[in-house]
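Descriptive structure summary
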2 protein chains.
Amino acid sequence: MKLLFDCAGGDHAPEAIIEGAYLAKEKLGITPYFVGNSEILRPLIQKEEENHIFEATEVIENTDDPAVSIRRKPNSSTVVGLKALASGEVDGFLSAGSTGALLAGGLFIVKRLDGVKRAALPVLLPNKNGKTLVLDSGANMDTDPELLVSFAEMGKAYLENVLGIDNPRIGLLNVGTEEGKGDKRAQETFQLLKESDWNFIGNVEGRDIFSGNVDVVIADGFSGNIALKTAEGVVEYLLGAMQKNMAKADLAPEVMLQIKTLLGSIFHDLDYNKQGGVPLLGLKKPVVKAHGSSNGEAIYNGAAVLAKMIESNMIEKMSI
Amino acid sequence: MKLLFDCAGGDHAPEAIIEGAYLAKEKLGITPYFVGNSEILRPLIQKEEENHIFEATEVIENTDDPAVSIRRKPNSSTVVGLKALASGEVDGFLSAGSTGALLAGGLFIVKRLDGVKRAALPVLLPNKNGKTLVLDSGANMDTDPELLVSFAEMGKAYLENVLGIDNPRIGLLNVGTEEGKGDKRAQETFQLLKESDWNFIGNVEGRDIFSGNVDVVIADGFSGNIALKTAEGVVEYLLGAMQKNMAKADLAPEVMLQIKTLLGSIFHDLDYNKQGGVPLLGLKKPVVKAHGSSNGEAIYNGAAVLAKMIESNMIEKMSI
């Protein structure tokens, strides 16, 4: 299995990317390929992969306009990488670079699956018993009910094939649990999901994302993004308040340490950024987006998601 | 100043309501009036207020359909109370009963201000330096840009008149901070707010609600509610995880106690339910909704909001 790693995207590129790629080679048996500036990459990769470099001299920055940069920077690692994937030279592509450029490039170069109107970017958040998949997390604005139903289908396929959750519970993000709640889009989406033969459990509220009573939360990209960033805001606020109050409380050093250990593990679970990568759902070929701050381990985790997508034939199963 | 207290709504009615009303009488010098079943209320109120009871024999439950119950239960405390307010027998009305019924009744009986298309329900959330007002928090679905601008105007009036924040910073809840982000509604609302002469600071994200860099966050009721309930969900999740990890960590009792004290004060700040009440903005007369779980102190805090709205002539200032 040939996995291509974008060595120009991410805060710790190229070192962390290459470290993750070799972890994946060692643990998963994949064959790593690299895209980036070969002069920089060559000294960092092993002899066995010396011919596994796709040359890319340009870099798309997070500040670049995604759609424009895909056209203006044909030699960027994003464009070169996605082209190698589209042509079949590699089986999967992982990038920790600009999300927008990866999504725009994915749609433009790798193309959408037949029957899928747009691609969705999911996010995995922790809940009391495991993880909740929320999609879309912000790739799609001005969505309609049919599109939200296609998100449900893609989310279900991802959970079943990659995370091994059979017949996942699907909920619709809404302002209340009763049927009839919400705006027109939510009301119409509810009816469509109700008619499906999936395990649709009805409307869910923002709090249910973390409760463990739903596996896939369907959201338009606007409110999905609001939920995600609000959650981040609460966590930041709590960490700040905790630090301030600890300083004021004048605790013994060993108590401070115990509290910090306690908090550390909880907030680690909450930090979805560190959990590897998420697939861009709806594309014809497997693409995984890793967070910009990914270290080697996170890149390895992202590669594992990519490998699982390929092994399980998830995309073939989705295109009925 | 005559304030009317709904003694039939809320988990701790009528005792907590009456306790709060008398606290407000003592501390704020208001004149309390009560609406509810006089047989129940008479033994609980003081001699001076024995003629301050509005008789209401029916109760609107949280499970009743709001709009229907307003028509079918004309002798409910909500309907009788709002009628007393509309007719000018009292100056303000506070209820810890059904939010939906209070909103439906407010629109139907007290009526909207001229020029206001719908009433909004704000929520005050803590931030690093104080409080952030988010509106609408769920009263309005399928909103349009003009309506969102009217929310901004009402939120600004509330902060200036009741909370004493001059020229508050107004932000639009969106998926990113750059101009042009979001769905069509958000993009159009941005332009309208930009043309206003208010202190519009641009788009804000979910995380900014808690950051302290914005005073009023404008949201359609759908995404405002998603933000609010997601925040609740994160807090519940964190408290649960904290308890589980503390139990596992086998901490010394005094350390447990210190951690609990630390957490207690932080989560108290976060619990907007306990912070008194919020006004229904956009009505012709002052109405405050207190949380269903309000104790006497919360009812007193709600009465203080109501008194401030009346003293400052906030509503008159809003109807230009």
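The residue numbers shown here count from 1 along each chain, following its written sequence. Here chains are named by letter from A upward and ligands by number from 1 upward, in the order in which they appear as written. Predicted model: local features are reported for residues with pLDDT of at least 70 only, side-chain atom pairs are reported and counted for 80 or more only, and whole-chain, interface and lining totals are derived from all residues. Each side-chain value is worked out from all heavy atoms of the structure, with water and hydrogens disregarded.

Concerning the relation of the copies chain A and chain B
Only residues with pLDDT of at least 70 in both copies contribute their C-alpha atoms to the least-squares superposition of the copies. Take chain A, turn it by 180°, move it 0.0 Å along the axis, and it overlays chain B with an RMSD of 0.0 Å. Those values place the two copies in the arrangement expected of a two-fold rotation axis.

With respect to the environment of A:Ala21
Residue and element names in this part refer to chain A. By the element assignment, Ala-21 lies in helix α1 (residues 15-28). Its relative accessible area of 0% is what places Ala-21 among the buried residues. The spacing of Ala-21 and Glu-61 is 40 residues in sequence and 22 Å in space, taken between C-alpha atoms. By definition in these notes, contact holds between two residues if any of their heavy atoms fall within 4.5 Å. Leave out the neighbours within four places in its chain, and Ala-21 touches Phe-5, Ile-30, Pro-32, Phe-34 and Ile-299. Here a helix means four or more residues in a row that DSSP labels H or I, a strand means two or more in a row labelled E, and each is numbered from the N terminus. Think of it in three bands: residues with accessible area under 20% of the maximum for their type are buried, residues over 50% are exposed, and the middle band is partly exposed, with areas taken using a 1.4 Å probe on protein chains only.

Let's talk about the domain arrangement of chain A
All names here are of chain A. Each domain's extent is set by a domain assignment, obtained either automatically or from a database. We note that the domain assignment places domain 1 (2-119 + 280-317) and domain 2 (122-272) within chain A. Measuring from the centre of the C-alpha atoms in domain 1 to the corresponding centre in domain 2 gives 26 Å. Taken residue by residue, the interface counts 13 residues in domain 1 and 16 residues in domain 2. By buried area we mean the combined loss of accessible area, with a 1.4 Å probe, across both parts when two parts are placed together. Summed over both partners, the interface of domain 1 with domain 2 buries about 1200 Å², with 63% contributed by carbon and sulfur atoms. By definition here, a salt bridge exists when the distance from a side-chain nitrogen of Lys or Arg to a carboxyl oxygen of Asp or Glu is within 4 Å. Our enumeration of links across domain 1 and domain 2 arrives at one salt bridge. Close ionic contact of Lys-117 with Asp-144 constitutes a salt bridge, the shortest N to O distance being 2.9 Å. Pairing of N or O atoms within 3.5 Å defines a polar contact, subject to two protein rules: one partner must be a possible hydrogen donor and the other a possible acceptor, and residues neighboring in sequence count only if both atoms are side-chain atoms. The interface formed by domain 1 and domain 2 holds six residue pairs in polar contact (both at pLDDT 80 or more) in total. Among the secondary structure elements, those contributing two or more residues to the side of domain 1 that touches domain 2 are α10 (296-311) and α11 (314-318). By residue class, the composition of the side of domain 1 that touches domain 2 is seven nonpolar, two polar and four charged. Each residue gets one label: Ala, Val, Leu, Ile, Met, Phe, Trp, Tyr, Cys and Pro are nonpolar, Asp, Glu, Lys and Arg are charged, and the others, such as Gly, are polar.

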